[in-house]
Amino acid sequence: MSSKSEVFAKGYSVKKLFFIFVIGSILGTFYEQILNLVKVYYATGNVVWELRRGVLYGPFNPLYGLGAVLVVYLLARPNYSNIKTFIYGGLLGGFIEYSISLLQEIFTHTTSWDYSHHFFNIGGRTTIPFMLAWGGCTLIFVRLVYPFLSNLIEKIPVNIGNIIFYVFLIFLIIDMFVSWTALFRSAMRRNNIEAITPVGRLYDKVYPDSVLAKSFPNMEFKIRKGK
């Protein structure tokens, strides 16, 4: 097959799923920031554009990227009916939200959301109404958004697509590793554990809690209390 007729990231290939991860991470970031802007404006009348991302560098929220990939691979690929897509999407969204909240608390002693006072919450980490919303969003994504994105990705020239793929892959691996290990080191500092390696001391200097608080303003740097 000649390069002219070759289709980039055809089907459900790893490269297409990675592009979906990147796009989902970006869309999720702006969704969170716009939602926060509306909530703050409604409550105070002030226009506040606050960071709502999952890494230190770039407009990426890997939680949404992961969710988009799982939705595509687990729900779009099998081509379920609308009702099954809605139900499975809600369960998947709730499972991801609950799991990420739990893992974040275990490894970093922080939380980014707490739904303890919300109606029908599950351990304060997700709620049944939110799961219904995830189900609706999943149905829209599977039926409308993903087919559009899939077609768009496959139109990228192969050579350009491969360059974009490797650049973003390397950048995001480094970005996520640095961001999450910096948060892990922050948890150690709050437990009065001194840095015993040059890397730990570098993290203490470059990524003190004041810097992390600016990058993750919705994250509470304390052990979560309550159920």
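All values derive from a computational prediction rather than experimental measurement.

A.B. asks: Please explain the packing of helix α1 (residues 14-44) against helix α5 (residues 158-190) as it appears in this structure.
C.D. replies: The angle between the axes and the distance between the axes are what describe a pair of packed helices. Taken N-terminus to C-terminus, the directions of α1 and α5 make an angle of 55°; their axes are 11 Å apart at the nearest point. Of the possible angle classes, the one that applies to α1 and α5 is oblique. Relative to α5, the crossing made by α1 is left-handed. Here α1 contributes K15, F18, F19, F21 and V22 to the contact with α5, which in turn contributes G161, N162, I164, F165, F168, L169, L172 and M176. In terms of residue class, the contact of α1 with α5 is built from 10 nonpolar, two polar and one charged.

A.B. asks: Just to check I follow, could you spell out α5 for this structure?
C.D. replies: The periodicity of an α-helix, 3.6 residues per turn, causes residues three or four places apart in sequence to face the same way. In a regular helix each residue adds 1.5 Å, so 33 residues correspond to 48 Å; α5 covers 48 Å between its end C-alpha atoms and thus fits that length. N192 lies just past α5 and shows a positive phi near 60°.

A.B. asks: Would you mind showing me how to read a nonpolar patch on the surface here?
C.D. replies: On the surface, Y98, L102, L103, I106, F107, F119, F120, I122, I128, L132 and F184 cluster together into a nonpolar patch covering about 1100 Å² of accessible area. Secondary-structure elements contributing two or more residues to the nonpolar patch are α3 (82-108) and α4 (128-154). Ranked by residue count, the leading element in the nonpolar patch is α3, at five residues. The residue I122 is located in strand β1 (residues 121-122) in this model. Since its relative accessible area comes to 34%, I122 is described here as partly exposed.

A.B. asks: Even after reading the chapter, I still don't get the side chain of D175, so can you show me in this structure?
C.D. replies: Mapped onto the elements of the fold, D175 is located in helix α5. Buried charge without a partner: D175 forms no salt bridge, and the closest opposite charge is R53, 7.4 Å away. Residues contacting D175, with those up to four places away along its chain left out, are V55, L56, Y57 and F60.

A.B. asks: Could you clarify how one ought to interpret the environment of G124 in this entry?
C.D. replies: Its location among the elements puts G124 in the loop between β1 and β2 (126-127). Distance in space between the C-alpha atoms of G124 and F168 is 34 Å, their sequence separation being 44 residues.

A.B. asks: So what exactly am I meant to see when it comes to the nonpolar core here?
C.D. replies: Burial of nonpolar side chains together is a common tendency in soluble globular proteins. Ranked by size, the top nonpolar core spans 27 residues in total, and within it F18, I20, F21, F141 and L172 carry the most contacts. Sorting the residues of this core by element identifies α1, α2 (62-76), α3, α4 and α5 as the ones contributing at least two each. Among all residues touching L172, those that are not within four sequence positions of it are F18, F21, V22 and F60. Formed by nine residues, the second largest nonpolar core is a distinct cluster that contains L56, A182, Y207 and L212.

Reading guide: rules and limits
Residues numbered from 1 in each chain as written. Predicted model: local features only at pLDDT ≥ 70, side-chain atom pairs only at ≥ 80, totals over all residues. Heavy atoms only, no water. Axes fitted to C-alpha atoms, helices over the stretch in contact; angles between N-to-C directions. Helix = DSSP H or I, 4+ residues; strand = E, 2+ residues; numbered from the N terminus. Parallel < 35°, antiparallel > 145°, perpendicular 65-115°, else oblique. Left-handed = near helix turned anticlockwise from the far one by under 90°. Contact = heavy atoms within 4.5 Å. Nonpolar A, V, L, I, M, F, W, Y, C, P; charged D, E, K, R; others polar. Expected span 1.5 Å × (residues − 1). Patch = residues over 30% accessible without salt bridge, like charges linked within 9 Å, V, L, I, M, F, W, Y side chains within 5 Å. Areas by Shrake-Rupley, 256 points an atom, 1.4 Å probe, with all protein chains shown as cover. Salt bridge = Lys/Arg side-chain N within 4 Å of Asp/Glu carboxyl O. Buried < 20%, exposed > 50% of the residue type's maximum accessible area, 1.4 Å probe, protein only. Lys, Arg positive; Asp, Glu negative; His and termini not counted. Core = buried A, V, L, I, M, F, W, Y, C linked by side-chain atoms within 4.5 Å.

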